[in-house]
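Below are the chains, spelled out letter by letter.
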Amino acid sequence: MDIADYVYSMLREWDVVLLNAYPGFGKSRIAISVARRWVDDGGQALIMTRSRAEAIQLCEFARQVGIRDRMSLLLGRESMCPFNARNSRQCLMYRLSGICRVGSAEAVQLSTCNPLDLFNDGLCPYEVNEALAHQLPIIVSTHAYLSSPELYGRLMDIINSWDKPLVIIDEFHNIATGLEESIGIEIDELRTWASRGNGLAAKILGRINGYVPQREVVVLRRFDVDDLLQGSEQISDRVLEMLMHFGNDLCAFTYDGKLVRLRCLSFRPVRDLIERSRKALLLTASIGRRFSYIMSVYSRSPHYVAVDSLPREYRENLVVLSVVDIELTHRNRLLREYLDIVDRSVKAFIESAPPIGGLAIFFPSIEYMDTYINQHMPPVWGVPTFILRDSAGAVNVIREFKENARVSKTVVISYVQSPIAEGINFLEQELVGVMIIGFPLPQYSQWGLLKVRYYSGLGINGFTTTYLFPAISATVQIIGRLLRDLDRHRKVAVLLDGRFYRYRKYMPRWLMTSMRPVRLVQFLNSRPWQ
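The rules we used
- Residues numbered from 1 in each chain as written.
- Predicted model: local features only at pLDDT ≥ 70, side-chain atom pairs only at ≥ 80, totals over all residues.
- Heavy atoms only, no water.
- Helix = DSSP H or I, 4+ residues; strand = E, 2+ residues; numbered from the N terminus.
- Pairing = 2+ DSSP bridges.
- Axes fitted to C-alpha atoms, helices over the stretch in contact; angles between N-to-C directions.
- Contact = heavy atoms within 4.5 Å.
- Parallel < 35°, antiparallel > 145°, perpendicular 65-115°, else oblique.
- Buried < 20%, exposed > 50% of the residue type's maximum accessible area, 1.4 Å probe, protein only.
- Arc of directions from axis to C-beta.
- Disulfide = S-S within 2.5 Å.
- Phe/Tyr/Trp six-rings, centres within 6.5 Å; stacked < 30°, edge-to-face > 60°.
- Lys NZ or Arg CZ within 6 Å of the ring centre and 35° of its normal.
- Expected span 1.5 Å × (residues − 1).
- Core = buried A, V, L, I, M, F, W, Y, C linked by side-chain atoms within 4.5 Å.
- Polar contact = N/O pair within 3.5 Å; in protein donor to acceptor, adjacent residues only side chain to side chain.

Another aspect to go through is unusual backbone geometry. Of note in the backbone geometry, glutamate 171 takes a positive phi value of approximately 55 degrees without being a glycine. Structurally, glutamate 171 can be placed in the loop between β5 (165-169) and β6 (179-185).

Shown next, in the form of structure tokens:
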């Protein structure tokens, strides 16, 4: 039986199905196949994924199987607008000024997934897809719609109008432990609120007055609704909307010496979406059996389907070296001695690689990456080198990196949460090796400790969920970038920290069985591609 047919048969039997399979298995194509079957049987389907690029990729898969004209792309105004208009007011200004020249059409036949094609035809990509979302049986959207009160409300209005809704959430590991959002609040803004009688702002200012913390700290965890509402007409709508959207799950105000942040964590939007659907299909590469306990917080327990093994030809060509006799912790990793070890390891990794192919080096954080670069750059490796610090220029950096990697040895340096670490497909020799420097545990903080307590109160392991799950998930996603065309190319992953091997039992089986423990000196003298 075809895997898509099998998953669809499981949905007939179970209300919620969770499919955990290695990156590159084809989960996104399964999502499209299942959605088509569901719609053919008289239902409606919402498919959600992590990013705009992945949503457009899903649209391309739909176009390939002939159902593009039954699908709407809900990606938000800014993502769809060629001029990145953030709201209707800015959109109107562009039109009145003549910058944007679009009209309207009574009937539109969708055949493209590129918003610019609609714009070039004189249509607004955002408005066309927004209108068709109320008419077509399939919607593709992003996880961002779950975090925005306005977008989430519009999405739920559509789903509530459906009589047989199916929700498919791709890359589910990104939201499985709840939606986490934050908003920055300037001190002057707080003073304005307090001067107009807002008790909450006055309380926060009283706690941070003259206080300069070494790192981000929680300054207010519990607060009364009365304090919030008093003088609330001066409070930013973003703050009020966020507090109402996330409810009473977990919200706190933090302070790092410069900026106050409202941080919130909640399962409610995801849980409500799954509850409202007739059926739900959750797709992931990172929720192995040891993390499946997370699903107990959802009232509808899923049927778990796992694809734990790589094809034989993949197993033979994937080399995962785990250096076991060094740990790069928050306390030692910025010391000169350990930065030199990292530099020697990076050079060995690059020098041993084949003459053609892309190499990606990941640090746990931007700060750690910048410290290394400042002390050891510009590199003298004699190969094209790219640095990806943020998502702003990611598209161009990734494109140029791929182009260079097809003809020569090429390096990109980034961090584990960067756009290149998940969701990007690298074909053939565009990526032949990855290196992760340090086990990517989230940094310990007071907000992190609040999360531990919050998860523990829900009956699940607080430390494992807050710290270990994100680290394992990031590792799986990064190594997963190597799994495309692995049947034709030998590819190598180097894990520079003993904790990767120590926590290997939490890794998916395909990764755990591929890991080879080595000492640092062995790695420095190895030729893993040979």
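Still to come is the rest of the account.
The sheet built from 4 strands is open, its strands ordered β6-β9-β8-β7 with antiparallel pairing. Because the sheet does not close on itself, it has two edges, and the strands there are β6 and β7 (217-220). Averaged over all adjacent pairs, the angle separating strand axes in this sheet is 35 degrees, with direction ignored. Contacts from helix α11 (residues 199-208) reach β7, β8 (250-255) and β9 (260-266) within the one sheet, and its direction differs from that of β7 by about 135 degrees.

To continue, consider the packing of helix α9 (residues 149-160) against helix α14 (residues 268-276). For the pair α9 and α14, interaxial distance at closest approach is 11 Å and the crossing angle is 10 degrees. Between α9 and α14, the angle is such that the two are roughly parallel. The segment α9 lies against α14, with Tyr152, Met156, Ile159 and Asn160 engaging Pro269, Asp272, Leu273 and Arg276.

Pairing within the open sheet is parallel, and its 7 strands lie in the order β3-β4-β2-β5-β10-β1-β11. Whereas interior strands pair on both sides, the edge strands pair on one side only; in this sheet they are β3 (71-74) and β11 (303-307). On average, each strand axis in the sheet is tilted by 15 degrees relative to the strand beside it, whichever way the strands run. Judged from the 4 bridges that link them, β5 and strand β10 (residues 279-284) form a sheet pairing that is parallel. Bridging across to β10, isoleucine 169 finds its partner in leucine 282. Contacting β1 (16-21), β2 (44-49), β3, β4 (138-142), β5 and β10, helix α2 (residues 27-40) runs over the sheet at an angle of about 165 degrees to β2.

Here helix α10 (residues 187-195) has its buried residues at Ile187, Leu190 and Trp193. Summarising the axial view, the buried residues of α10 lie within an arc of 115 degrees, below the 170-degree limit, and thus occupy one face. Of the residues in α10, the exposed ones pointing more than 90 degrees away from the buried face are Asp188 and Ser195. Downstream of α10 by one or two residues, glycine 197 has phi in the positive range, about 100 degrees.

It is worth spelling out the state of the cysteines at this point. Tallied over the full model, the rule gives 1 disulfide. Covalently, cysteine 251 is tied to cysteine 264 through a disulfide, its sulfur atoms 2.0 Å apart. Since a negative S-S torsion denotes a left-handed disulfide, the cysteine 251-cysteine 264 link at about 115 degrees is right-handed. In this pair, cysteine 251 sits in strand β8 while cysteine 264 sits in strand β9, placing the two residues 13 residues apart along the sequence. By relative accessible area, which is 5% here, cysteine 251 ends up buried.

A few words on the packing of aromatic side chains. A complete count under the given rule lists 18 aromatic pairs for this structure. Plain terms: the ring middles of phenylalanine 267 and tyrosine 298 are 5.7 Å apart, the flat faces sit at 85 degrees to each other, and that makes the pair edge-to-face. Here the residue phenylalanine 267 occupies a position in the loop between β9 and α14, and tyrosine 298 occupies one in the loop between β10 and β11, the gap between them amounting to 31 residues. As far as the burial class goes, phenylalanine 267 and tyrosine 298 line up, both buried. In this structure, arginine 37 is placed above the aromatic ring of tyrosine 8, and the distance from its NZ or CZ to the ring centre is 4.3 Å. The cationic tip of lysine 402 hangs over the ring face of phenylalanine 426; the distance from NZ or CZ to the ring centre is 5.2 Å.

A few words now on α9. Under the 1.5 Å per step criterion, the end-to-end length of α9 is 16 Å for 12 residues, consistent within 8% with the ideal 16 Å. Considered for burial, the residues of α9 that qualify are Leu151, Tyr152, Leu155, Met156, Ile158 and Ile159. One face of α9 carries all of its buried residues, which in axial projection span an arc of 155 degrees. For α9, the exposed residues set more than 90 degrees away from the buried face come down to Glu150 and Asp157.

Ranked by internal contacts, the top residues of the largest apolar core, which has 147 residues, are Phe172 and Leu273. Top contributing element to this core by residue count: helix α20 (residues 462-480), with 9 residues. Excluding its chain neighbours within four sequence positions, the residues that come into contact with phenylalanine 172 are Leu18, Val270, Leu282, Leu283, Thr284, Ile287, Met295 and Tyr298. Core analysis: the next-biggest nonpolar cluster, separate from the first, contains 33 residues, Tyr368, Ile373, Leu520 and Phe523 among them.

Summarising the element assignment, glutamate 430 is placed in the loop between β15 (409-415) and β16 (433-437). Within the local environment of glutamate 430, its side chain forms a polar contact with the side chain of arginine 406, the two groups lying 2.9 Å apart. Only 2.9 Å separates the side chain of glutamate 430 from the backbone nitrogen of leucine 427, close enough to count as a polar contact. Residue contacts for glutamate 430: discarding those within four places in its chain leaves Gly358, Phe401, Lys402, Ala405, Arg406 and Asn425.

Our next topic: the pairing of β5. Along β5, 5 of the 5 residues are buried, which leaves the element largely enclosed by surrounding structure. Of the two faces of β5, the one lined by Pro165, Val167 and Ile169 and the one lined by Leu166 and Ile168 are each fully buried. Here 5 bridges tie β2 to β5, and the two strands are oriented parallel to one another. When the sheet's bridge partners are listed, isoleucine 47 is paired in β5 with isoleucine 168.

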